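Each chain, letter by letter, is given below.
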Amino acid sequence: SEVKASAWTAEYLKEQGFEVELGAYGVPTAIRAAWGSGHPVIGFLGEYDALPGLSQALGTTQQAIEGQLYGQGCGHNLLGVACLGGALGMKAELEERGLEGTVVYYGCPAEEALTGKTFMARNGAFQELDLALAWHGGTMNAVNVGCSNGLNSAIFHFKGITAHAGG
């Protein structure tokens, strides 16, 4: 579960010398784990979530796990741990070279529901960063540079009588 995954991740980061906050930014399963000091401040956005209907027993055919409704699809079991590996690798590189810098691992829950990072950002996450790194598995091996709005929404309230825009 997301609760267990975030707790295990937080504990492992503590063991690796990071200062860890579980429940960061008002999100119970969000993590902020930092190591080092000064700039650049490099963030790794480790995502984890569980989707309804995707529980999967170990095997080559689809078989749900009895009593477990949620699971991870499209490589989402790798998103959090791969960024964890990246954060540890960056920490090792800074240590080995004696360089200044801060490595921040963000455990970002509910990626598919588009809420984890949204609530985290609303409560101050990511503002400290000079650079953010994330990844998602796909059908090709490539590096993309840029930005993307994963969620862009608005709520409109209309008053008056209904009408067709063309009228």
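Residues numbered from 1 in each chain as written. Predicted model: local features only at pLDDT ≥ 70, side-chain atom pairs only at ≥ 80, totals over all residues. Heavy atoms only, no water.

**Student:** What am I meant to see in the overall build of the protein chain here?
**Tutor:** Helix and strand counts for the protein chain stand at three helices and seven strands. Counted from the first residue to the last, the protein chain has its helices and strands arranged as α-β-β-β-β-β-α-β-α-β. Relative to its full complement of 167 residues, the protein chain shows a buried share of 32%. For the protein chain, the computed accessible surface area is about 11200 Å², with 55% contributed by carbon and sulfur atoms. (Helix = DSSP H or I, 4+ residues; strand = E, 2+ residues; numbered from the N terminus. Buried < 20%, exposed > 50% of the residue type's maximum accessible area, 1.4 Å probe, protein only. Areas by Shrake-Rupley, 256 points an atom, 1.4 Å probe, with all protein chains shown as cover.)

**Student:** What is the right way to read the side chain of Thr-9 from this model?
**Tutor:** In this structure, Thr-9 sits in helix H1 (residues 2-15). A polar contact is formed between the side chain of Thr-9 and the backbone oxygen of Ala-5, at a distance of 2.8 Å. In contact with Thr-9, other than residues within four places in its own chain, are Ile-31 and Tyr-105. (Polar contact = N/O pair within 3.5 Å; in protein donor to acceptor, adjacent residues only side chain to side chain. Contact = heavy atoms within 4.5 Å.)

**Student:** What should I look at first to understand the pattern of salt bridges in this one?
**Tutor:** Scanning all chains against the criterion turns up four salt bridges. When the shortest N-O distance is used, the salt bridge between Glu-95 and Lys-91 registers 3.3 Å. Here Glu-95 and its partner Lys-91 are both found in helix H2 (residues 76-97), four residues apart, which amounts to about one turn of the helix. For Glu-95, a relative accessible area of 44% puts it in the partly exposed group. By relative accessible area, Lys-91 is classed as buried at 12%. Salt-bridge contacts for Glu-93 lead to Arg-97; the nearest nitrogen and oxygen are separated by 2.3 Å. Here Arg-97 and Glu-93 lie together in helix H2, a separation of four residues that amounts to about one turn. Exposure remark for Glu-93: the relative accessible area of 32% places this residue in the partly exposed category. (Salt bridge = Lys/Arg side-chain N within 4 Å of Asp/Glu carboxyl O.)

**Student:** Help me out: how do you make sense of the sheet that holds strand E3 (residues 41-48) in this one?
**Tutor:** Within the open sheet, the five strands sit side by side as E1-E2-E6-E3-E7. Their pairing is mixed. Where the open sheet ends on each side, the last strands, each with one partner, are strand E1 (19-22) and strand E7 (131-133). In this sheet, neighbouring strand axes are inclined to one another by 15° on average, regardless of whether the strands run parallel or antiparallel. For E3 and E7, the ladder comprises three bridges, and the chain directions are parallel. Residue pairing across strands places Phe-44 opposite Leu-133, the latter belonging to E7. Sheet contacts for H1: E1, strand E2 (31-37), E3 and strand E6 (101-109); angle to E1, the most-contacted strand, approximately 165°. Its contacts with the sheet put H2 on E2, E3, E6 and E7, and the angle it makes with E3 is roughly 160°. (Pairing = 2+ DSSP bridges. Axes fitted to C-alpha atoms, helices over the stretch in contact; angles between N-to-C directions.)

**Student:** I would appreciate a short explanation of H1 in the present structure.
**Tutor:** An α-helical turn contains 3.6 residues, so any two residues separated by three or four positions project in the same direction. Taking 1.5 Å as the rise per residue, H1 with 14 residues should run 20 Å; its terminal C-alpha atoms sit 20 Å apart, in good agreement. All of the buried residues along H1 are Ser-6, Thr-9, Ala-10 and Leu-13. Each buried residue of H1 lies within a common arc of 100° when the element is viewed along its axis, so the set occupies one face. The outward face of H1, more than 90 degrees from its buried face, is lined by the exposed residues Trp-8 and Glu-15. (Expected span 1.5 Å × (residues − 1). Arc of directions from axis to C-beta.)

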